[in-house]
Amino acid sequence: MTKLDRLATFATLLFSLAAIPATVGHATASTTLSRSIVLLSGDGASMTIPSAGGPLGLTNSNPAAVSAAVSGTTLSVTALAPGKAAIVVKEGRKTRAKLKVTVKAPMTVAPTTLAVPVAESAQARISNAFGPVVATSADTAVATVYLDGESVVVRGRAAGATTVTVRDSRTTAAVAVTVSAPGGGSGGGGGGTVSGTTEGRLLASNCFQCHGTYGSGGFDRISGKSETELIEELNEFLAGGEDPGGIMAAHLQGYTAAQLQAIARYLSHP
Amino acid sequence: MKRRDFLESLAIGGLGLLVAPRALWAEDGEGGSALFAVPTNTGITGSVVVLGGGMAGTTLAKYLRLWGGTGVSVTLVEKEATYTSNIMSNKVLTGQLTLPDLVYRYDVLANHYGVSLVRGEVVGIDTGARRLSLADGSSIAWDRLVVAPGLEFDLMPGMSSASQYDTLVPHAWKAGPQTQLLRNQLLALAGGTRTGDVVMTIPKAPYRCPPGPYERACVVADWLRRNSVPGKLIVLDANPDIIVEKANFAAAFAGGSGFTVDYRPGSTVTRIDPDTRTVEYTDATGAHSIVAGVLNPIPPQRAPKLLADAGLYDPAAGERSAPVSVLSYESTRVPGVHVVGDASSTTQPKAGHIGNQQGKTCADAILRALQGKAPDPAPVTNSACFTPITATTATWLSAVYQYSPETGKMAVPSFHNGGTPIAATGPSAGNYEDMLVWFETLMSDTFG
């Protein structure tokens, strides 16, 4: 099943609401049906009311948000504007159905244009998402994309332009993305030049998988601090004063004190 | 919109469970790596050809230029236009990521670090003439060659063709179309067009990514439970027990994270039928057979035949990967040829994080050799492996490997937890966030 199929399944779920109470359509007079539904403005939905055959009347707590009408044993609602409404259908004095309707505004994504350098990220906010959200990049060679909470994060891959499409179950929004070349050889994100010393370099490169090339980022930047400061920080991890039981404390156990000293010396002037 | 509302609106979708990854970097971090210039003044000159642009080969190519400078010419030969990360690919199975999220390009390697890219499939390694033959009939000469091709997959007993992995019973142990196929098959279970249990088989160690199969069992079982998909997850493990992070995986299998896994250790697969999704196996109690709803055999793995043909390992002697000196990753069979990553035979796990460090170690050794120097006599490598257990929690495993002059091998030293890797005390949401920082930074140190 593709993503689109899943979205279709979702839409079917949403609009088959009428089918659900149909199974209790000939229920006894004591039945009260309670349902809730989420709609976008302009959507309609209907449901069958369990009734003993008498005339049905309704109350609508928020006619500005939802219009509701009952015809025979069918309740029809139309979403008008964002808001919530409680629809109660009665047969005489007996309550036969309660329907809570939430009307949502369509999803929006802002800003609709993003500029990002290669190997860096920028994000746009998603508001009012409805159902599963899928974000895709038209050209993953230029930029890739992933969802982070209610943000869509765009990462530059190569200079160029592409469009990122954000889709929830009902709405599609586009973000125009421009990716610029990484700056001037020394790169973005705190890059720069290094001394080129080889003493301790290979040993210290064990840190780069988690702290970035030359200790330039990742969990945190570890290059450019003094040797003393780095040793103090490492000792704090080892003593359990910093993130006790964490992976850094575990990892440090694998190095000798002399190796940690050599790593700190190198990282102070990589 | 508050996060909680957002998640609620997501939950309406039922099957469309799609939990967004959390922030990929820490508050005080720079987010991945910075780019650094290739130096012009190292005085080192030479030329290196690298076969294979995975985690080890790409890191090696980058660091040869970053450390060696503009005088070291590096050519990377790779069959594919892009790399798809195996790490995190189990999250494609659960719909938390899509395959394009895991695609990495060689642009920075080529444009920033000045590595020459050759896209092509190598079909022969002539160690006498020092030439690679490519499928298109061209060839590439080398002064020094590094082979980093990853692994090939055995056919499971009963299978007639590797194409059955592509169409019927995906192993998905190399991220790509098979990962999507396995995802689709799981969705078919959820949608009711398939019925039955999910059966996964694990080969005898060593295989790529020791915790990987157990991780996959956990996240798929978690997905089955969260989406109320009928059917359970059965793991047939050829190993006598969980081979890594046993406490964490055993607790999860037993229900500690809300799902359960039917784990059957010591199970040797004797035959599978890809068409009927039948798996036959034996264990201590006898012979058994299961007809699966989804069958995911993870096959035994070996270095590509190309390496055996070049004399880098000897299948006739029972070898399945290439022996190397772990000081330089130079082949012990063919001088001047190095093997890094999963295709090399060492005491270290076959995995991306350690492949990255092997690439750096090999790059350093080659640069020293180009200056007439011996390799670093005391190399260290490390494995920091984060593992999702559910859609929101993860564990980790830490191991540091030191060179032992006595054995000539890499080993976890006695002062590191008595020579044993250290695992997280259990799955947590904090570990899950750390996992995403780790992944982003590891990939950035490799491809960025």
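Residues numbered from 1 in each chain as written. Chains lettered and ligands numbered in written order. Predicted model: local features only at pLDDT ≥ 70, side-chain atom pairs only at ≥ 80, totals over all residues.

Draft legend 1. Summary view of the overall build of chain B. Looking only at helices and strands, chain B has 11 helices and 25 strands in total. A compact globule built from 448 residues would reach a C-alpha radius of gyration of about 22 Å, and chain B, at 22 Å, matches this within 12%. Based on the C-alpha atoms only, the size of chain B along its principal axes is roughly 65 × 55 × 50 Å. Considering chain B as a whole, with its 448 residues, one finds that 56% of them fall into the buried category. Partitioning the intrachain contacts of chain B with sequence separation of at least 6 by distance along the chain shows that 70% fall at a separation of at least 24. (Helix = DSSP H or I, 4+ residues; strand = E, 2+ residues; numbered from the N terminus. Rg over C-alpha atoms; globule rule 2.2 N^0.38 Å. Buried ≥ 20, exposed ≤ 12 C-beta atoms within 10 Å, placed from the backbone. Contact = placed C-beta atoms within 7 Å.)

Draft legend 2. How the structure looks around the overall build of chain A. Within chain A, the regular secondary structure consists of 7 helices and 15 strands. For chain A, contacts bridging at least 24 residues in sequence account for 55% of all contacts bridging at least 6.

Draft legend 3. Molecular detail of the environment of Val 74 of chain B. All names here are of chain B. Residue placement: Val 74 occurs in strand E2 (residues 72–78). Classification of Val 74 as buried rests on a count of 25 C-beta atoms within 10 Å. Between the C-alpha atoms of Val 74 and Gln 178, which are 104 residues apart in sequence, the distance is 32 Å. If near-sequence neighbours (up to four positions away) are discounted, Val 74 is found in contact with Val 48, Val 50, Ala 61, Leu 64, Arg 65, Val 115 and Ser 116.

Draft legend 4. Geometry of the confidence of the model for chain A. Summing up the model confidence of chain A, the mean pLDDT is 81 and the portion of residues at 70 or higher is 84%. The model gives residues 1–29 of chain A a pLDDT under 50, and that stretch makes 42 contacts with residues more than four places away or in other chains. (pLDDT = per-residue confidence, 0-100.)

Draft legend 5. Representation of the sheet that holds strand E13 (residues 151–156) of chain A within the structure. Residues and elements named next belong to chain A. On the basis of which strands lie adjacent, the open sheet formed by 4 strands has the order E8-E10-E13-E12 and antiparallel pairing. Edge strands, defined here as strands with exactly one partner in the open sheet, are strand E8 (108–110) and strand E12 (143–148). When the angles between neighbouring strand axes are averaged without regard to direction, this sheet yields 25°. Alignment of E8 against strand E10 (residues 121–127), held across 3 bridges, turns out to be antiparallel. Looking at E10, one finds that Thr 108 is bridged to Ser 127. (Pairing = 2+ DSSP bridges. Axes fitted to C-alpha atoms, helices over the stretch in contact; angles between N-to-C directions.)

Draft legend 6. A look at the sheet that holds strand E5 (residues 74–79) of chain A. All names here are of chain A. Pairing is antiparallel across the open sheet formed by 3 strands, whose spatial order is E2-E5-E4. Each having just a single partner strand, strand E2 (44–48) and strand E4 (66–71) make up the two edges of the open sheet. Pairs of neighbouring strands in the sheet enclose a mean axial angle of 15°, with direction left out of account.

Draft legend 7. The confidence of the model for chain B, seen in detail. Residue and element names in this part refer to chain B. In this model, chain B carries an average pLDDT of 92, and 93% of its residues clear a pLDDT of 70 or more. The low-confidence segment residues 1–31 (pLDDT under 50) makes 79 contacts with residues lying over four places distant or belonging to another chain. Complex prediction metrics read pTM 0.73 and ipTM 0.91.

Draft legend 8. Highlighting the packing of helix H2 (residues 55–68) of chain B against helix H10 (residues 352–370) of chain B. Residues and elements named next belong to chain B. Contact pair H2 / H10: the axes reach a minimum separation of 7 Å and the direction vectors enclose 35°. Crossing of H2 over H10 shows right-handed handedness. Contacts between H2 and H10 involve Met 55, Ala 56, Gly 57, Thr 59, Leu 60, Tyr 63, Leu 64, Trp 67 and Gly 68 from the former and Gly 352, Gly 355, Asn 356, Gln 358, Gly 359, Lys 360, Cys 362, Ala 363, Asp 364, Ile 366 and Leu 367 from the latter. Looking at the contact of H2 with H10 residue by residue, the classes come out as 10 nonpolar, 8 polar and 2 charged. (Left-handed = near helix turned anticlockwise from the far one by under 90°. Nonpolar A, V, L, I, M, F, W, Y, C, P; charged D, E, K, R; others polar.)

Draft legend 9. Examining the environment of Leu 267 of chain A more closely. Residue and element names in this part refer to chain A. Relative to the elements of secondary structure, Leu 267 occurs in helix H7 (residues 257–268). Residue Leu 267 is classed as buried on the basis of its 23 C-beta neighbours within 10 Å. C-alpha of Leu 267 to C-alpha of Gly 224: the two residues are 43 residues apart in sequence and 6.4 Å apart in space.

Draft legend 10. Just the environment of Tyr 83 of chain B, in detail. Residues and elements named next belong to chain B. Inspection of the secondary structure puts Tyr 83 in strand E3 (residues 83–84). Expressed as a C-alpha distance, the spacing of Tyr 83 and Ala 384, which sit 301 residues apart in the sequence, is 21 Å. Not counting the four nearest positions on each side in its chain, Tyr 83 is found in contact with Gly 53, Gly 54 and Tyr 104.

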